[in-house]
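# Examining the three-dimensional arrangement
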Amino acid sequence: MGLTARALNRATLARQLLLRRQPLDVVEGLRRVVALQAQEPPSPYLALWNRLDGFDPAELDEAFRSQRVLKAPLMRITLHAVVADDYPQLRAAMTPTLRAARLHDARFKRTGWSIADADALVPDLLEHVATPRSNQELAAWTAERTGGLPEPGVWWALRTCAPLVHAPTGGPWTFGPRPSYLAAPLPAHEDPDAAVDHLVRRYLEGFGPATARDIGRFTMLHQRVVRAALARLADELERHAGPDGRELVDVPGALLPDEDTDAPARLLGMWDGVLLAYDDRSRVLPEPYRTVVTRSNGDVLPTVLVDGYVRGVWRPVDAGIEVTAFEPLPEHAWAQLAAEAAALCDLLAARDPAVYRRYARWWSKLPVAEARTLPG
């Protein structure tokens, strides 16, 4: 028997801890959801607030400071927060993609340096970042050693493809707009195939059942690499028929809730993983709203989930949280959203009440069925 689209939605919400907030600490909660996109510093905090019962942002502050949770370029060549013991294999799996994205880019090639030249600089770079160094310091350090090559230069490439993690810089969300870097805590060697297999398993634990194309979309791994991993893992995986007849793969024994399971309203932060983890994003993000929520430059707005699907967006305003619904919502959904908004305002009050405010320009052309300001 195949899985319906709604059953897949509920599977994603269950594995991403969005059907019910779970009583987990931040490290175990993050482990359960695999990775949290972190290019905007508040987003991992809002993601865990949506998923964990009694979430204390100070606990995530400490996890970043103690390096139990690491922030680094990984899947889709974007910054993710992951648990430290997952990082080495995730990094090894993504290394060819990270290198190709920077060392084969015209912006690196026009420096005149070869890939071998850049690689030869890495040991000295890692020694230099045994203690945190700012982006500006490292740009100057690299320019000094490369003879002032054309911008954006060798450092632009190495800050993504060299084994570096972001160092906490302070501020309300641990990391500010001016990054600092540290050498990544990596073992001497990770087998590339084993690392990709680990990434595929972890993806399925957090986002399955899924297709090979879904895995490729989440990671930006080439389909050849994904399919080779699925072949190696064939005896370990279960298979299902999707609503369109395509084969879905999954890890055995993973959550598959009934499709009629209630899904509470949620106020997701920018770039939440449930919107980015699939080739077919309609699992959570209805197709008519895809280009509304995902803007032309790649910004993914803070979204409103009602009954498990995106139904609008939200932003902070002086009086609380403004929710813009793309379609009429029932009053019981507005009541749930009001409770979420009050709790979110409590979180933001101690951190940054104007979170994401600089993205407000996108609100001028939204489809609006109804907008309400929900007080904090």
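Above: the structure in question.
Residues numbered from 1 in each chain as written. Predicted model: local features only at pLDDT ≥ 70, side-chain atom pairs only at ≥ 80, totals over all residues. Heavy atoms only, no water.

A few words on the sheet that holds strand E2 (residues 69-73). Read from one edge to the other, the open sheet built from 3 strands follows the order E1-E3-E2, with strand pairing classed as antiparallel. Looking along the sheet, the strands with just one partner apiece sit at the ends: strand E1 (36-37) and E2. The pairing of E2 with strand E3 (residues 79-83) spans 5 bridges and is classified as antiparallel. Within E3, the residue paired with Val69 across the bridge is Val83. Helix H2 (residues 26-33) rests against E1, E2 and E3 of the sheet, and its axis sits at about 115 degrees to E3. (Pairing = 2+ DSSP bridges. Helix = DSSP H or I, 4+ residues; strand = E, 2+ residues; numbered from the N terminus. Contact = heavy atoms within 4.5 Å. Axes fitted to C-alpha atoms, helices over the stretch in contact; angles between N-to-C directions.)

For the rest of this paragraph, the subject is the layout of surface pockets. There is about 720 Å³ of room inside the largest pocket. Residue contributions to the lining of the largest pocket peak at 3 residues, all from helix H9 (residues 153-161). For the lining of the largest pocket, the residue count by class is 16 nonpolar, 9 polar and 8 charged. If you add up the space inside the second largest pocket, you get close to 370 Å³. If you go around the second largest pocket, you meet 19 residues; those closest to its centre are Arg91, Ala92, Thr95, Pro163 and Leu186. Every element with two or more residues in the lining of the second largest pocket is listed here: helix H5 (87-103), helix H7 (115-128) and H9. Take the lining of the second largest pocket: its biggest share by element is 7 residues, from H5. (1 Å grid on protein atoms, 1.4 Å probe; cavity = no way out; pocket = protein on both sides within 12 Å on 5 of 7 lines; lining within 4 Å. Points joined across faces, edges and corners; volume = space filled by probe spheres on them. Nonpolar A, V, L, I, M, F, W, Y, C, P; charged D, E, K, R; others polar.)

Attention now moves to the packing of helix H10 (residues 192-207) against helix H11 (residues 212-219). Interhelical geometry of H10 versus H11 gives an angle of 100 degrees and a closest axis separation of 11 Å. One element, H10, and the other, H11, form an angle in the roughly perpendicular class. Between H10, through Leu199, Val200, Tyr203, Leu204 and Phe207, and H11, the contact on the second element is made entirely by Asp214, Ile215, Phe218 and Thr219. Partitioning the contact of H10 with H11 into residue classes produces 7 nonpolar, 1 polar and 1 charged. (Parallel < 35°, antiparallel > 145°, perpendicular 65-115°, else oblique.)

We now examine the pairing of strand E6 (residues 180-183). Two faces, one strand: in a regular strand the side chains alternate between the faces of the sheet. In terms of strand pairing, strand E4 (residues 133-134) meets E6 through 2 bridges, oriented antiparallel. The partner of Arg133 across the bridge, within E6, is Tyr181. Relative to E6, strand E5 (residues 164-167) runs antiparallel, the two being bridged by 4 bridges. Each bridged residue has a counterpart across the sheet, and for Leu164 the counterpart in E6 is Ala183.

All right, on to the sheet that holds strand E13 (residues 370-375) then. The strand order across the open sheet built from 5 strands is E9-E10-E11-E12-E13, with neighbouring strands paired in antiparallel fashion. Looking at the sheet topology across the chains shown, the edges are occupied by strand E9 (266-268) and E13. Strand-to-strand twist across the sheet, computed as the mean angle between neighbouring axes with direction ignored, equals 30 degrees. Two elements, strand E11 (residues 309-317) and strand E12 (residues 320-325), share 6 bridges in a ladder whose sense is antiparallel. Among the inter-strand pairings, Arg315 is bridged to a residue of E12, identified as Glu322.

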